[in-house]
Amino acid sequence: VCTNDVGSFFECATENESLYPPKCCGQIFLLDLYESHIPFDVQWAFQMKEQGEYSVLAKYRVYCANPACSEFLSPATHVKDPSTNVGYTICQDDVCGKLTCTSCKILLNGIEGHTCDQNEDYKKFKHTATEKGFQECPICASTVELTEACNHINCECGAEFCYICGEQWQGMQGCSHYGPAIYDEEGYNQDGYHRTTGLNREGRPCREQAGTNRVEDGEEDDDPDTNHPVLQYVEPGVRTTFAALLHEEREMFLVNLQIQLFEERGINFGDRGEDDEESDSDGEEDGASDREDSGDANSIDDRNRDEGSGEASEHE
């Protein structure tokens, strides 16, 4: 990324939440590191968004109910009237100043006599969504209908979730990857995972089973992490679990494993380099001794053959 183009990432992230946080190739851009390359007005707008609207989970945000405004209303402006127990907020925009109910989020003409209630159209929509099995985004609460393709949903708000269970996407999980879930009498779906526990019939979660399959298919050697020296001291089941982990989880797993091996078996991986050098040195010395011994043995054999040959000559 060119330094004079970094600002565009922050500008786009300010205008479109699906592009927040600003990043490229998986690397997140921190404002403190690039502020000298970003115009002040872009920095200010980004910080206002980050510390304001983006700091509140989307489904809990309140926006001005005035269609001509729709400004984000910070939780700091939310109040509750003690006499009516109605929660409301006043839009801070100079040309608006309308009241919005913080519960049902409708426009208020006044708080007297207001009762929160969902309108009939919304009730019908939610009933239809439930009846047809539509899923709700766990972050922004938008209702999503999946017409085709896999059950890994990328919402417009940037969230990723599973269309079957509605949980945030964790990579590998027990729900079916394509089409609706079809459960047998015991509660297992077509991929063999239970609807409640998420485990297969062998008691393994999906990610661990995937690691087991890679090992059985001979694919483990393609992953350099699975050849880590620590793993040679553990059971195959532990290596399988490690292979199923995400890469960002593996470092901590290895650290804990090293501590466990040190406490239980006295294996100190911090001294392995010195031990290896000593072992190599000992090996060289042992090899030299073996060669010397071998040489002595050969000499003795040669002398025996010479003496034998001499005796044979004398006998002849």
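Procedures and definitions
- Residues numbered from 1 in each chain as written.
- Predicted model: local features only at pLDDT ≥ 70, side-chain atom pairs only at ≥ 80, totals over all residues.
- Heavy atoms only, no water.
- Axes fitted to C-alpha atoms, helices over the stretch in contact; angles between N-to-C directions.
- Helix = DSSP H or I, 4+ residues; strand = E, 2+ residues; numbered from the N terminus.
- Parallel < 35°, antiparallel > 145°, perpendicular 65-115°, else oblique.
- Left-handed = near helix turned anticlockwise from the far one by under 90°.
- Contact = heavy atoms within 4.5 Å.
- Phe/Tyr/Trp six-rings, centres within 6.5 Å; stacked < 30°, edge-to-face > 60°.
- Lys NZ or Arg CZ within 6 Å of the ring centre and 35° of its normal.
- 1 Å grid on protein atoms, 1.4 Å probe; cavity = no way out; pocket = protein on both sides within 12 Å on 5 of 7 lines; lining within 4 Å.
- Points joined across faces, edges and corners; volume = space filled by probe spheres on them.
- Salt bridge = Lys/Arg side-chain N within 4 Å of Asp/Glu carboxyl O.
- Buried < 20%, exposed > 50% of the residue type's maximum accessible area, 1.4 Å probe, protein only.
- Expected span 1.5 Å × (residues − 1).
- Pairing = 2+ DSSP bridges.
- pLDDT = per-residue confidence, 0-100.
- Core = buried A, V, L, I, M, F, W, Y, C linked by side-chain atoms within 4.5 Å.
- Patch = residues over 30% accessible without salt bridge, like charges linked within 9 Å, V, L, I, M, F, W, Y side chains within 5 Å.
- Areas by Shrake-Rupley, 256 points an atom, 1.4 Å probe, with all protein chains shown as cover.

## Let's talk about the packing of helix α1 (residues 6-15) against helix α3 (residues 40-51)
Working step 1: Remark: α1 packs on α3, axes separated minimally by 9 Å, with the N-to-C direction vectors making an angle of 40 degrees. Taken as axis vectors, α1 and α3 run oblique relative to one another. Of the two elements, α1 crosses α3, and the hand of that crossing is left-handed. Note on element contacts: α3 touches α1 through Val42, Ala45, Phe46 and Lys49, opposite Gly7, Phe10, Glu11, Ala13 and Thr14.

## With respect to the packing of aromatic side chains
Working step 1: A complete count under the given rule lists 7 aromatic pairs for this structure.
Working step 2: Here a set of aromatic residues connected by ring pairs shows up, and it is made of Phe10, Tyr20, Phe46 and Tyr54.
Working step 3: The side chain of arginine 201 reaches across the aromatic face of tyrosine 188, ending 4.1 Å from its centre.

## A closer look at the layout of surface pockets
Working step 1: The computed volume of the largest pocket comes to approximately 480 Å³.
Working step 2: Every residue lining the largest pocket is counted, 20 residues in all, and those nearest its centre are Ser18, Tyr20, Pro21, Lys23 and Gly158.

## Points about the side chain of glutamate 53
Working step 1: Within the secondary structure, glutamate 53 sits in the loop between α3 and β3 (78-80).
Working step 2: Leave out the neighbours within four places in its chain, and glutamate 53 touches Met48, Arg61, Tyr63 and Phe72.

## Regarding the pattern of salt bridges
Working step 1: Applying the stated criterion to the full structure yields 6 salt bridges.
Working step 2: The partner of arginine 61 in a salt bridge is glutamate 17, with the nearest N and O atoms 2.7 Å apart. A residue pair is termed long-range when its members are at least 10 positions apart, and arginine 61 in the loop between α3 and β3 and glutamate 17 in the loop between α1 and β1 (23-24) qualify at 44 residues.
Working step 3: We classify arginine 61 as buried; its relative accessible area is 4%.

## Observations concerning helix α4 (residues 120-132)
Working step 1: Counted at 1.5 Å a residue, the expected span for α4 with its 13 residues is 18 Å, and the 18 Å between its end C-alpha atoms agrees.
Working step 2: Of all 13 residues in α4, 1 are buried; the element is thus mostly exposed.
Working step 3: Immediately beyond the C-terminal end of α4, within one or two residues, lies glycine 133, with a positive phi of roughly 80 degrees.

## Concerning unusual backbone geometry
Working step 1: Between tyrosine 20 and the following residue, proline 21, the backbone shows a cis peptide bond with an omega angle of -5 degrees.
Working step 2: Mapped onto the elements, proline 21 comes out in the loop between α1 and β1.
Working step 3: Unusually for a residue other than glycine, asparagine 85 sits at a positive phi of about 60 degrees.
Working step 4: Tracing the backbone shows asparagine 85 in the loop between β3 and β4 (87-90).
Working step 5: Positive phi outside glycine occurs at lysine 105, with the angle close to 60 degrees.

## Details of the sheet that holds β3
Working definition: the strands of a sheet are paired by backbone hydrogen bonds and lie parallel or antiparallel to each other.
Working step 1: Taken in spatial order, the 4 strands make up an open sheet running β3-β4-β5-β6, and their pairing is antiparallel. The sheet terminates laterally at β3 and β6 (107-108), the two strands that pair on one side only.
Working step 2: Alignment of β3 against β4, held across 3 bridges, turns out to be antiparallel. Along β4, the bridge assignment pairs valine 79 with tyrosine 88.

## Focus on the confidence of the model for the chain
Parts of the prediction with low pLDDT should not have their coordinates interpreted in detail.
Working step 1: In this model, the chain carries an average pLDDT of 76, and 76% of its residues clear a pLDDT of 70 or more.
Working step 2: Looking across the chain, the model is least confident in helix α8 (residues 272-315), with a mean pLDDT of 46, and most confident in α3, with 95.
Working step 3: This model gives residues 287-316 a pLDDT under 50, and the stretch forms 0 contacts once residues within four places in sequence are excluded.

## Side note on the nonpolar core
Working step 1: Grouped together as the largest cluster of nonpolar side chains are 11 residues: Ala58, Cys137, Ile139, Cys140, Val144, Ile153, Cys155, Cys157, Ala159, Phe161 and Tyr163.
Working step 2: Once residues within four sequence positions are removed from consideration, alanine 58 is found in contact with Ile139 and Cys140.
Working step 3: Membership of the second largest hydrophobic core comes to 10 residues, among which are Val234, Phe242, Leu261 and Phe269.

## Observations concerning a nonpolar patch on the surface
Working step 1: On the surface, a cluster of nonpolar side chains totalling about 300 Å² of accessible area is made up of Ile28, Leu30 and Leu33.
Working step 2: Considering the arrangement of structural elements, one finds isoleucine 28 in strand β2 (residues 27-28).

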